[in-house]
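Report on the structure
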Amino acid sequence: MTPDQRHLSLPFFDDVHRDLARDLSAWTEQQHVDESDDRAACRQWVAALGEAGFLRWAVPAAQGGALSALDSRALVILRETLAFYSPLADFAFAMQGLGSGAITLAGTDEQKARYLVPVGRGKKIAAFALSEPEAGSDAGALATTAVRDGDGWVLNGTKTWISNGGIADYYCLFAKTDTAAGTRGISCFLVDAATPGLDASEHIHVMAPHPLATIKLNHCRIPATALLGEENAGFKLAMQTLDIFRASVAAAALGFARRALAEATQHAKSRKMFGHTLADFQLTQAKLGQMAADVDAAALLTYRAAWLRDDAVRRGAATRVTSEAAMAKMVATENAQRVIDAALQMHGGLGVRVGTKVESLYRDIRSLRIYEGATEVQQLIIGKSVLAGG
Ligand code: COS
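Computed from a predicted model, the values in this text were never measured in an experiment. As a convention, each chain's residues are numbered from 1 in the sequence order in which they are written. Reporting in this predicted model follows two pLDDT cut-offs: at least 70 for local features of residues, and 80 or more for side-chain atom pairs to be given and counted; totals over whole chains, interfaces and linings ignore these cut-offs and use all residues. Here the side-chain values reflect all heavy atoms present in the structure, with hydrogen atoms and water set aside.

As a further point, take the nonpolar core. Here the nonpolar core consists of buried residues drawn from Ala, Val, Leu, Ile, Met, Phe, Trp, Tyr and Cys, with membership extended through side-chain atoms lying within 4.5 Å. Exposure categories follow from relative accessible area, calculated using a 1.4 Å probe and restricted to protein chains: below 20% of the type maximum is buried, above 50% is exposed, and the middle band is partly exposed. With 114 residues, the main nonpolar core has Leu155, Tyr171, Phe174, Phe189 and Met291 as its most contacted residues. Note on conventions: DSSP H or I runs of at least 4 residues are helices, E runs of at least 2 residues are strands, and numbering of each starts at the N terminus. Take this core: its biggest share by element is 19 residues, from helix α6 (residues 234-270). If near-sequence neighbours (up to four positions away) are discounted, phenylalanine 174 is found in contact with Phe128, Ala129, Leu130, Glu132, Leu142, Thr144, Lys159, Ile186, Ser187, Cys188, Gly234 and Ala238. The next biggest cluster of nonpolar side chains, apart from the first, holds 5 residues, and it includes Met330, Val377, Ile381 and Ile382. Residues count as neighbours in contact if any of their non-hydrogen atoms are within 4.5 Å of one another.

Moving on to the side chain of glutamine 111. Its place among the elements puts glutamine 111 in helix α5 (residues 109-121). You can call glutamine 111 buried: its relative accessible area is 6%. As used in this structure description, the phrase polar contact means that two N or O atoms lie within 3.5 Å; if the pair is within protein, one of them must be able to donate a hydrogen and the other to accept it, and residues adjacent in sequence are counted only when both atoms belong to side chains. Separated by 2.9 Å, the side chain of glutamine 111 and the backbone oxygen of threonine 225 make a polar contact. What glutamine 111 contacts, discounting residues up to four positions off in sequence, is Ile103, Leu116, Leu190, Thr225, Ala226, Leu227 and Leu228.

Moving on, we come to the packing of α6 against helix α8 (residues 322-346). Every axis in this analysis is a line fitted to C-alpha atoms, fitted for helices over the stretch in contact. Angles between the N-to-C directions lie between 0 and 180 degrees. Packing of α6 against α8 brings their axes to within 8 Å, and their N-to-C directions diverge by 20 degrees. Our classification of the angle between α6 and α8 gives roughly parallel. Viewed along their axes, α6 and α8 form a crossing whose handedness is left-handed. Each residue gets one of three labels, nonpolar for Ala, Val, Leu, Ile, Met, Phe, Trp, Tyr, Cys and Pro, charged for Asp, Glu, Lys and Arg, and polar for the others, Gly among them. Residues belonging to the contact of α6 with α8 are distributed by class as follows: 18 nonpolar, 3 polar and 3 charged. For classification, angles of less than 35 degrees are called roughly parallel, those exceeding 145 degrees roughly antiparallel, those between 65 and 115 degrees roughly perpendicular, and all remaining angles oblique. For any pair of crossing helices, the crossing counts as left-handed if the nearer helix is rotated counterclockwise from the farther one by less than a right angle, and right-handed if it is rotated clockwise.

One can expect most non-glycine residues to show negative phi and most peptide bonds to be in trans. Its identity is not glycine, yet phenylalanine 274 carries a phi of approximately 50 degrees, on the positive side. Examined against the element boundaries, phenylalanine 274 turns out to sit in the loop between β9 (272-273) and β10 (276-277). What makes phenylalanine 274 exposed here is its relative accessible area of 72%.

Near residues are defined by distance, with any heavy atom within 4 Å of the molecule or strand qualifying the residue. The environment of the ligand is made up of 22 residues, and the closest members are Ser137, Arg184, Lys236, Asp243 and Arg246. The contact in question runs from an oxygen atom of the ligand to an N or O atom on the side chain of arginine 246, over 2.9 Å. The accessible surface values rely on the Shrake-Rupley method and a 1.4 Å probe; as for residues, cover is taken only from the protein chains in view. Protein chains bury 74% of the 1,000 Å² of accessible surface belonging to the ligand in isolation. Secondary structure elements with two or more residues in the shell around the ligand: α6 and α10 (375-387). Of the residues forming the shell around the ligand, the biggest block, 7 residues, is contributed by α6. Classifying every residue of the shell around the ligand gives 8 nonpolar, 7 polar and 7 charged.

All right, on to the side chain of glutamate 263 then. Structurally, glutamate 263 is set in helix α6. Residues contacting glutamate 263, with those up to four places away along its chain left out, are Met1, His347, Lys357 and Val358.

Pairs of cysteine sulfur atoms within 2.5 Å are what we label disulfides. As enumerated under the stated definition, the model contains 0 disulfides in all. Note on cysteine 172: no disulfide assigned, nearest cysteine sulfur contributed by cysteine 188 at a separation of 3.6 Å. We classify cysteine 172 as buried; its relative accessible area is 0%.

Okay, here's the thing in structure tokens:
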């Protein structure tokens, strides 16, 4: 099954995006990764994506990337296409981007060379460590501390829900450097996985298996050069990184929804019922019509958010796309959940049978409505922006 790519003719995209989508789709269709062990599969996907050159889109050209700056539309195309075929392939790509995005935004030349070059080749696995047991949606409430010690820092605390936890080579990790300053007292650090005192052995098992762990930091000593960006400017850096990747979460949801719609359409055309096919019934046609509209609404919001950011970068403008990215993430993930549920329902008993594509999609989509800012957080962000007048 291949994705419908008619949307690529929309003016949001350039030829570079169209070529990328076609090459990636042809490549991914040929991959045969055994996904029964999610951690081994992710390592394999990172290596394969790196070797094939697709991780180059997660880093800028100066560090071996495909384009001079991170391109949101390319990220959207990559995640949408990979998600159509394999949620784990999408996850592997996404984490290379999310775990290195802050370095692209704020890294020194040395940090960029040390981390971005291998990330773009699939030689280092990246992770983004923001959440904590008591700081999920309220990201500013984190309790992990980084205290100056001689010419370095000492980290103490617990990070949780960390994607790639346990298989990452380094963590882009946020900690309090001024406990009295709220969101203005958070800094970002690049912490190598082999740092003594870092324990990533507690795996978290979830309904759609992927590498996820709790990270314990017990007197982890890191050098002064591990500080990423300015001291106490880490919260904004985290938010700016999320602004880029939230539209790509929307794209992953879109890839899942497109796959569910394709599965439902194929099933409706072939399934015999009451002397007809399922597709002959108006009830089925109405359902497919609603699903297609939900997919297109999600697509347009996602492409708009990506285009707006790329356009601002091209013009050198400091325009924030926080609200547009939040709308895309909220609508695409919520719509995808509905589309997948409808596709599953259309499959009848087969829909809940383990091994059926719509069954795994039903599990895969659920966490996207939660991570990188739950739907309720997106509503909050959009609402604040409406009240602020834009
Ligand atoms: N870009 C740049 N700066 C931003 C920003 C953005 N997108 N969002 C917020 N900021 C800045 C604000 O301008 C403010 O700056 P000042 O201190 O100079 O005034 C500062 O950051 C604090 O912003 P705010 O007051 O809005 O922060 P809140 O503590 O109210 O939190 C939300 C805002 C809820 C939006 C934030 O905590 C959030 O996004 N939570 C979800 C976190 C998340 O996605 N977790 C998943 C982790 S990855 S799986």
